[in-house]
Amino acid sequence: EAGFCELCAYFWVQHDRRRTMLQKEASERALEQCRAEEEEAVEFMRTVQGEIEDAKRERAEADEAELVANKKLAEAREANFYGWPGAQRKMEVAKAALEDAHRELEEALEAEARVHGVRLVQAQTRLKD
């Protein structure tokens, strides 16, 4: 009877050991999957961060271009007011520069909206998952 109990205990321990090993393997696979998902999420966030920085840089450049264009326009108005030679040409150049600056600003705003709208929602969705 003691031998039978010892044999049953041996089989129980072997079965429990196999079950534990299978659970360990499943846990390791789940951990690897989580690590892969984490790496993917980190890479996605780096991409989004880069896009945000690009949009900010584009906005800063557009703002600077607008300031320069406004300065040129003010100089052209002053030249036109005093009747200096080439005032009309200065005015045309300043207006063209201002139009370019407004176009740049519009593009920068579109880039910001794209980043803050679509990409930010995607990032938040990924974080929730």
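Up top is the structure these notes are about.
Within any chain, residue numbers begin from 1 and follow the written order of that chain's sequence. Totals for whole chains, interfaces and linings use all residues, but because this is a predicted model, local features are given only for residues with pLDDT of at least 70 and pairs of side-chain atoms are given and counted only at 80 or more. To obtain the side-chain values, all non-hydrogen atoms of the structure were used and water was disregarded.

Here, patches come from residues exposed beyond 30% relative accessible area and free of salt bridges, joined within 9 Å for like charges and within 5 Å for nonpolar side chains (Val, Leu, Ile, Met, Phe, Trp, Tyr). With residues, only the protein chains shown are counted as cover, and all accessible areas are computed by Shrake-Rupley using a 1.4 Å probe. Salt bridges, as used here, are contacts in which a Lys or Arg side-chain nitrogen is within 4 Å of a carboxyl oxygen on Asp or Glu. Residues Leu 7, Tyr 10 and Phe 11 make up a contiguous nonpolar surface patch of roughly 330 Å² in combined accessible area. What counts as a helix is a DSSP run of H or I of at least four residues, what counts as a strand is a run of E of at least two, and both are numbered from the N terminus. Structurally, Phe 11 is set in helix α1 (residues 2–82).

Applying the stated criterion across every chain, the model contains nine salt bridges. Among the ionic pairs, Asp 16 bridges to Arg 19, the shortest N-O distance being 2.2 Å. One end of the pair is Asp 16 and the other is Arg 19, both in helix α1 and three residues apart, which spans about a single turn. The buried label goes to any residue with under 20% of its type's maximum accessible area, the exposed label to any with over 50%, and the partly exposed label to all in between, with areas taken from a 1.4 Å probe on protein chains only. On the basis of relative accessible area, Asp 16 is assigned to the partly exposed category, the value being 22%. Residue classification places Arg 19 among the partly exposed residues on the basis of a relative accessible area of 39%. The shortest N-O distance in the salt bridge between Arg 103 and Asp 100 comes to 2.3 Å. Remark: Asp 100 and Arg 103 occur in helix α2 (residues 87–128); sequence separation between them is three residues, near one turn of the helix.

With respect to the secondary-structure elements, Met 45 resides in helix α1. With 37 residues separating them in the primary sequence, Met 45 and Cys 8 have C-alpha atoms 55 Å apart.

Looking now at the nonpolar core. Residues belong to one nonpolar core when they are buried, are Ala, Val, Leu, Ile, Met, Phe, Trp, Tyr or Cys, and are joined through side-chain atoms within 4.5 Å. Formed by Ala 69, Leu 73, Ala 76, Met 91, Ala 94, Ala 97, Leu 98 and Ala 101, the largest nonpolar core amounts to eight residues. Elements supplying a minimum of two residues to this core: α1 and α2. At five residues, the largest contribution of residues to this core is made by α2. Non-local contacts of Leu 73, meaning those with residues more than four positions away in its chain, are made with Met 91, Ala 94, Lys 95 and Leu 98. Contact between two residues is taken to exist if any of their heavy atoms lie within 4.5 Å; hydrogens are not considered.

Here is the rule: rings of Phe, Tyr and Trp (six-membered ring for Trp) pair when centre to centre is within 6.5 Å. Planes less than 30 degrees apart are stacked, more than 60 are edge-to-face, and the remainder are tilted. This model, assessed by the stated rule, comprises three aromatic pairs. Summarising the aromatic geometry, the rings of Phe 81 and Tyr 82 are spaced 5.0 Å apart at their centres and angled 80° between planes, so their arrangement reads as edge-to-face. Joined through ring pairs, the aromatic side chains of Phe 81, Tyr 82 and Trp 84 make up one cluster.

What follows is about α1. The terminal C-alpha atoms of α1 lie 118 Å apart, and with 81 residues this matches the ideal 120 Å at 1.5 Å per residue to within 8%. Here α1 has its buried residues at Phe 44, Val 48, Ile 52, Ala 55, Ala 62, Ala 69, Leu 73, Ala 76 and Ala 79. In the stretch just after α1, Gly 83 is the one whose phi turns positive, near 75°. The span you would expect from a helix comes to 1.5 Å times its residue count less one.

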